[in-house]
Every structure is written in structure tokens, then in C-alpha cells.
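Listed below are the residues making up each chain.
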Amino acid sequence: MKYSLFTASDTADVVALFSDVFSASEGESEGRIIADLVSRLIADTAPKNLIGCIATENDRIVGSIFFSRFIVPNDQVAFILSPVAVSTRVQGSGIGQELIRYGLEHLKRMDVDLAFTYGDPAFYSKIGFKQISEQIVKAPFVLSQPEGWLAQSLDGHPVQPMQGATECVEALSDQKYW
Ligand SMILES: CC(C)(COP(=O)(O)OP(=O)(O)OC[C@H]1O[C@@H](n2cnc3c(N)ncnc32)[C@H](O)[C@@H]1OP(=O)(O)O)[C@@H](O)C(=O)NCCC(=O)NCCS
């Protein structure tokens, strides 16, 4: 398995991967919603605010994740991980965790202080994310599943409580994703 950074030439394959994976796991309508989200993340986010990673096997993309810039109300640099997909036929073989570890190492090399995500704590706790309360860091939208609000520090210091609003990139700025 090869892990590398996403480049624009991967766009069609990556959008198709998200569509296929989420159609299979959550139904066709969710497949369309997530494929649309990924298309808009790629098209509408300035390159400095978006980091994609891919897992490739025999020249086929079998996994993909995106981190986008997340503005927090102190001077720390943060990104949020969303969405994540591993091809249905190779799920459960460690690729998702390895791809996220690869992405987090890249963020650390870029001196990013904090990584956030919003998802199943049972999965994301395997790669260092911990549940946080909105009293520590507010989410940018109302959370339908507050137990899925997760973060990890990348700079060695614990996540500090911070007052004030947070802001995600435009593609994620829709209540339906939260
Ligand atoms: C969730 C997903 C990215 C995980 O990637 P993966 O390569 O299958 O996962 P890994 O093999 O690295 O890790 C497997 C471990 O995570 C757990 N896990 C996998 N998917 C999980 C999920 N949706 N919820 C909770 N735990 C999950 C497994 O139980 C397994 O735990 P174990 O090692 O203790 O048995 C992948 O299954 C997927 O794309 N699912 C459909 C889309 C999705 O739900 N994306 C995440 C939301 S954005």
C-alpha cells in the first residue's frame, strides 16, 4: 500500500471512491451528498487550506481523507478531518488508520497544533482522537451527535479550553454535515 498526498489529477477517482463507499455503507443518497461535499472541498478551498491524502494499491486509489483549515479563537493552527473513506472490499485491514496516521504526521511537519474531527469515537480513538466538550472548543454548527466531537493535540500540549466561535471552510459550512 502506498500513502501519498492528494493532487488535482486524483479528483475524479477520489470523488468516485467517496460516492461508491458511502452509497454502499449509508445508501445512494448519502453517497451523492458526500461525493458532492468532496467535489466542493476540492473546487472551493484554497490549496493552503486543504490537505488530501490517498492510499493506492496497484495504481488504484482505495482510500482517501481530507483535512481542511479550521479557525479556532486563539493563535493555534488547526485542521479538521472530514470525510474519510476506504474502499468497501479492503475495509477492516488497517488502511483507514494508517492513512489517517500518515495525514497527521504531515500536519505535524507543517507545524499544525490541533486536529479535529466529527465521527464515531470508537474508530477515531484508535488514532489518537479524544472526545471534547463544546465548553472546551465550540463546534461551528449545532452538533446532532455531540459525542462525536473529537480532537487531538499535535504539538505535545493538551488541548486548552478556548472562548469564542470556530469556523470551518465554506464546503463544510452547512448544518447538514453536523
Ligand atoms: C470507517 C472507515 C474509514 C475505516 O477504515 P478501515 O480501513 O475499514 O478501518 P481500519 O481497518 O483501519 O480499522 C478497523 C478498526 O476500526 C473499527 N471500525 C471500522 N469502521 C468503523 C466504524 N464505521 N465505526 C466504528 N468502528 C469502526 C473496526 O471495528 C476495527 O477495529 P478493530 O481493529 O478493533 O477490529 C471505513 O470502514 C469506511 O470507509 N467506512 C464507510 C465510510 C465511513 O463510515 N467513513 C467514516 C465517516 S466520515
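Residue numbers run consecutively from 1 along every chain, following the written order of its sequence. At least 70 in pLDDT is required for a residue's local features to be given in this predicted model, at least 80 for side-chain atom pairs to be given and counted, and no such filter applies to totals for whole chains, interfaces and linings, which use all residues. Based on all heavy atoms of the structure, the side-chain values leave hydrogens and waters out of the count.

### Brief notes about unusual backbone geometry
- Looking along the chain, the bond that leaves S82 and enters P83 is cis, with omega of -5°.
- Numbering goes from the N terminus for both helices and strands, where a helix is a DSSP run of H or I of at least four residues and a strand is a run of E of at least two. When you line up the elements, P83 lands in strand β4 (residues 78-86).
- Although it is not a glycine, N58 sits at a positive phi angle of roughly 50°.
- The residue N58 is located in the loop between β2 (50-57) and β3 (60-69) in this model.

### With respect to the packing of aromatic side chains
- Ring pairs shown here join Phe, Tyr and Trp side chains whose ring centres sit within 6.5 Å, with only the six-membered ring taken for Trp; geometry is labelled stacked below 30 degrees between planes, edge-to-face above 60, and tilted in between. The final tally for this structure, using the stated rule, is 12 aromatic pairs.
- Judged by centre distance (6.2 Å) and plane angle (40°), the rings of F18 and F66 are tilted. Linking F18 in helix α1 (residues 11-26) with F66 in strand β3, this pair joins segments that are 48 residues apart in sequence. The pair F18 / F66 is uniform in exposure class, with both members buried.
- Centroid distance F141 to W178: 6.0 Å. Interplanar angle 20°. Geometry classified as stacked. Here the residue F141 occupies a position in the loop between β6 (130-131) and β7 (149-153), and W178 occupies one in the segment after β7, the gap between them amounting to 37 residues.
- Exposure is judged per residue with a 1.4 Å probe applied to protein chains only, and the accessible area is read against the type maximum: over 50% gives exposed, under 20% gives buried, and values in between give partly exposed. We classify W178 as buried; its relative accessible area is 5%.
- Three or more aromatic residues joined by ring pairs form one cluster here, namely F70, F116, Y118, F141, W149 and W178.

### Details of the site of the ligand
- Any residue with a non-hydrogen atom lying within 4 Å of a molecule or strand is treated as near it. Close to the ligand lie 17 residues; G92, G94, G96, Q97 and K126 are nearest.
- In this structure, a nitrogen atom belonging to the ligand sits 3.0 Å away from a main-chain N or O atom of V84.
- Whenever two N or O atoms come within 3.5 Å, that pair is a polar contact, provided that in protein one can donate a hydrogen and the other can accept it, and provided that, for residues adjacent in sequence, both atoms are side-chain atoms. Within the backbone of G92, one N or O atom sits 2.8 Å away from an oxygen atom of the ligand.
- When the ligand is considered free in solution it has 860 Å² of accessible area, and contact with the protein chains removes 66% of it.
- The method works on a 1 Å grid over the protein atoms by themselves. A cavity is a set of points holding a 1.4 Å probe that cannot get out, a pocket is an open set with protein on both sides within 12 Å along at least five of seven lines, and residues with an atom within 4 Å of a point line them. Grid points define the cavity or pocket, and a molecule sits in it when more than half of its atoms lie within 2 Å of them. Of all the cavities here, the one that holds the ligand is the largest pocket.
- Here the shell around the ligand is built from residues that sort into eight nonpolar, seven polar and two charged. All accessible-area figures derive from a Shrake-Rupley calculation using a 1.4 Å probe, and residue coverage is judged against the displayed protein chains alone. In this classification, Asp, Glu, Lys and Arg are treated as charged, Ala, Val, Leu, Ile, Met, Phe, Trp, Tyr, Cys and Pro as nonpolar, and every other residue, Gly included, as polar.

### Considering the nonpolar core
- The set of buried Ala, Val, Leu, Ile, Met, Phe, Trp, Tyr and Cys residues whose side-chain atoms join them within 4.5 Å is what this entry labels a nonpolar core. In terms of nonpolar packing, the biggest core is built from 38 residues, with F66, F116, W149 and W178 touching the most fellow members.
- Contributions of two or more residues to this core are made by α1, α2 (28-44), β2, β3, β4, β5 (114-118) and β7.
- One finds L81, V84, I100 and I127 within the second-largest nonpolar core, a separate group that totals 23 residues.

### Looking at the side chain of D10
- Mapped onto the fold, D10 is located in the loop between β1 (2-5) and α1.
- One buried charge, D10, has no salt-bridge partner; the nearest side chain with opposite charge is K2, at 8.4 Å.
- Contacts between residues were defined by any pair of non-hydrogen atoms, one from each residue, lying within 4.5 Å. In this structure D10 touches L5, I54 and I61, once residues within four positions along its chain are discounted. Charged residues are defined here as Lys and Arg on the positive side and Asp and Glu on the negative side; His and the ends of the chain fall outside this count. Any Lys or Arg side-chain nitrogen found within 4 Å of a carboxyl oxygen on Asp or Glu counts as a salt bridge.

### Comments concerning the pattern of salt bridges
- With the rule as written, the count across this model stands at six salt bridges.
- K108 is paired through a salt bridge with E105; the nearest N and O atoms lie 3.4 Å apart. Of this pair, K108 and E105 both sit in helix α3 (residues 95-109), three residues apart, which is roughly one turn of the helix.
- Among the residues examined, K108 registers a relative accessible area of 36% and is labelled partly exposed.

Function cannot be read off these values alone, since they describe shape.
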